[in-house]
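Descriptive analysis of the structure
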Amino acid sequence: MAMILEVLHPNGAHTWHRLGELPLTVGRGLTNDLILDDPYVDARHARIALDESGAPLIEDLGSVNGLVANEARLQGRVPVRPGAEIRLGRTMLRFRDPEEAVSPALVDDVALSRGTARPPMVREMGASRPGRARVPETFSRWAATTWVRLLVAAVAMSSVAIYSWMGSSERSSASEAFLAAMAFGLMIALWAGIWAAASRVGVQRFHFIGHVAVASLVALGGLVWTMVAEWLSFFFPDASLADVLSAGIGLLLLSALVAGHLSLASAMSRKRRWRAGFIVAGTALVIGGLATLTEEDSFTDVPTFSGVVKPVASDWLPTATVDEFGGVMATLKEEVDEMAKK
């Protein structure tokens, strides 16, 4: 059965090869039929051939890292069929059916704007219909461009500056906001540099701007949630809603941060990246919670109140009548008197 071999290289590139005459060898050596530029692949790593019945198979040729499928190392000769995925080092091999359906072609807006005749299907069904199936892929390519990633970083830095400026009542708040944005940018750059070095080891590319965009986007999400939490604390000061939601949002953001970096620094599948992200985030939250519980809570007779103030009309605020306030104070007085007697 004829198949198409799709190769997902460690640098993110895809190549396709028609499996015609078999057997063929796969490896890093220049004598192979399929040459892979992957330092984790042996000179002669694997062989794709046909078994006695004519069905395709793949077998390891005594390589160091072997063949991996579904996170398990394969042994011996393994039959392959359309849809099978086999990993060699950091390179993924996908076996595909040549009759596999593909999405419709996108409409060439540039050609149409220059006077090219619109295809009959476009005239009948509308210009946007043929491209609908490719919207996620188009958006992914658009989001992967350098200028979009730099724009995300710039928006995050600007948001930090505005948040710092709006939250300060001092005359020098503008300069402090600028310094806060610069400090944020420096931390993001250092963090992205660490992940870029990991990317260089894992997929032989730095992806520095990509890591900057990932960290900036997650930081922007954290800043947005901080503002939302402030509003929740302002309207519901006695409720623990913001604290409960903050734990869940923090888990999600930290998981997204790890998964986003791993998408650029490794050849892991999306499921494995998010699994690793949730493990790291959950571990961090557990450690943080244990550290909070071990802190000594010193007694103080100075009451503490939330300092969050928002520019809203007084009619929107939850209030209590004088009688209700007097009832609460009477109850507190009784409790204090009971404590004093003990």
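Residues numbered from 1 in each chain as written. Predicted model: local features only at pLDDT ≥ 70, side-chain atom pairs only at ≥ 80, totals over all residues. Heavy atoms only, no water.

**Some words on the environment of V228**
Locating V228 in the fold gives a position in helix α6 (residues 208-235). Taking C-alpha positions, V228 is 10.0 Å from S246, a pair spaced 18 residues apart along the chain. (Helix = DSSP H or I, 4+ residues; strand = E, 2+ residues; numbered from the N terminus.)

**What about the pairing of strand β10 (residues 85-88)?**
Alternating residues of β10 divide into I86 and L88, all buried, and E85 and R87, none buried. The pairing of β10 with strand β11 (residues 91-96) spans four bridges and is antiparallel. The residue of β11 that forms the bridge with I86 is L93. Hairpin connection, β10 to β11: the antiparallel pair is bridged by two residues, and G89 has positive phi, about 60°. (Buried < 20%, exposed > 50% of the residue type's maximum accessible area, 1.4 Å probe, protein only. Pairing = 2+ DSSP bridges.)

**Some points on the sheet that holds β10**
Hydrogen bonds between backbone groups are what pair the strands of a sheet, and the pairing can be parallel or antiparallel. Taken in spatial order, the six strands of this open sheet run β2-β1-β11-β10-β7-β8, and their pairing is antiparallel. The strands lining the two open edges of the sheet, one partner per strand, are β2 (14-19) and β8 (72-73).

**Looking at unusual backbone geometry**
Cis geometry marks the peptide bond from L22 to P23; its omega dihedral reads 10°. By secondary structure assignment, the location of P23 is in the loop between β2 and β3 (24-27). The residue N70 is not glycine, and still its phi comes out positive at about 55°. Relative to the helices and strands, N70 resides in the loop between β7 (67-69) and β8.

**With respect to the nonpolar core**
Residues L5, I58, I86, L88 and F95 are the most contacted members of the largest nonpolar core, which totals 22 residues. For this core, the secondary structure elements donating two or more residues are β1 (3-8), β3, β5 (46-50), β7, β10 and β11. Considering each element in turn, this core owes the most residues, three residues, to β1. Apart from the residues lying within four places of it in its own chain, the contact partners of I58 are A46, R47, I48, L67, G76, R77, V78, V80, I86 and L93. Membership of the second largest hydrophobic core comes to 14 residues, among which are F184, V218, L220 and L223. (Core = buried A, V, L, I, M, F, W, Y, C linked by side-chain atoms within 4.5 Å. Contact = heavy atoms within 4.5 Å.)

**Considerations on the packing of helix α4 (residues 146-166) against α6**
Each pair of packed helices can be described by the angle between their axes along with the distance between the axes. Remark: α4 packs on α6, axes separated minimally by 8 Å, with the N-to-C direction vectors making an angle of 35°. Like other packed secondary-structure pairs, α4 and α6 cross with a definite hand, here left-handed. For the pair formed by α4 and α6, the contact residues are T146, R149, L150, V152, A153, V155, A156, S159, V160 and Y163 on the first element and I209, G210, V212, A213, S216, L217, L220, L223, T226, M227 and E230 on the second. Grouping the constituent residues of the contact of α4 with α6 by class yields 14 nonpolar, five polar and two charged. (Axes fitted to C-alpha atoms, helices over the stretch in contact; angles between N-to-C directions. Left-handed = near helix turned anticlockwise from the far one by under 90°. Nonpolar A, V, L, I, M, F, W, Y, C, P; charged D, E, K, R; others polar.)

**A closer look at the packing of aromatic side chains**
Scanning all chains against the criterion turns up two aromatic pairs. Ring plane angle 40° and centroid distance 5.9 Å describe the contact between W274 and F278, whose orientation is recorded as tilted. Of the two residues, W274 and F278 are both situated in helix α8 (residues 270-294); the distance of four residues between them amounts to about one turn of the helix. Take F278: its relative accessible area is 39%, and that puts it in the partly exposed class. Sitting above the plane of the Y40 ring, R90 keeps its charged end 4.2 Å from the centroid. (Phe/Tyr/Trp six-rings, centres within 6.5 Å; stacked < 30°, edge-to-face > 60°. Lys NZ or Arg CZ within 6 Å of the ring centre and 35° of its normal.)

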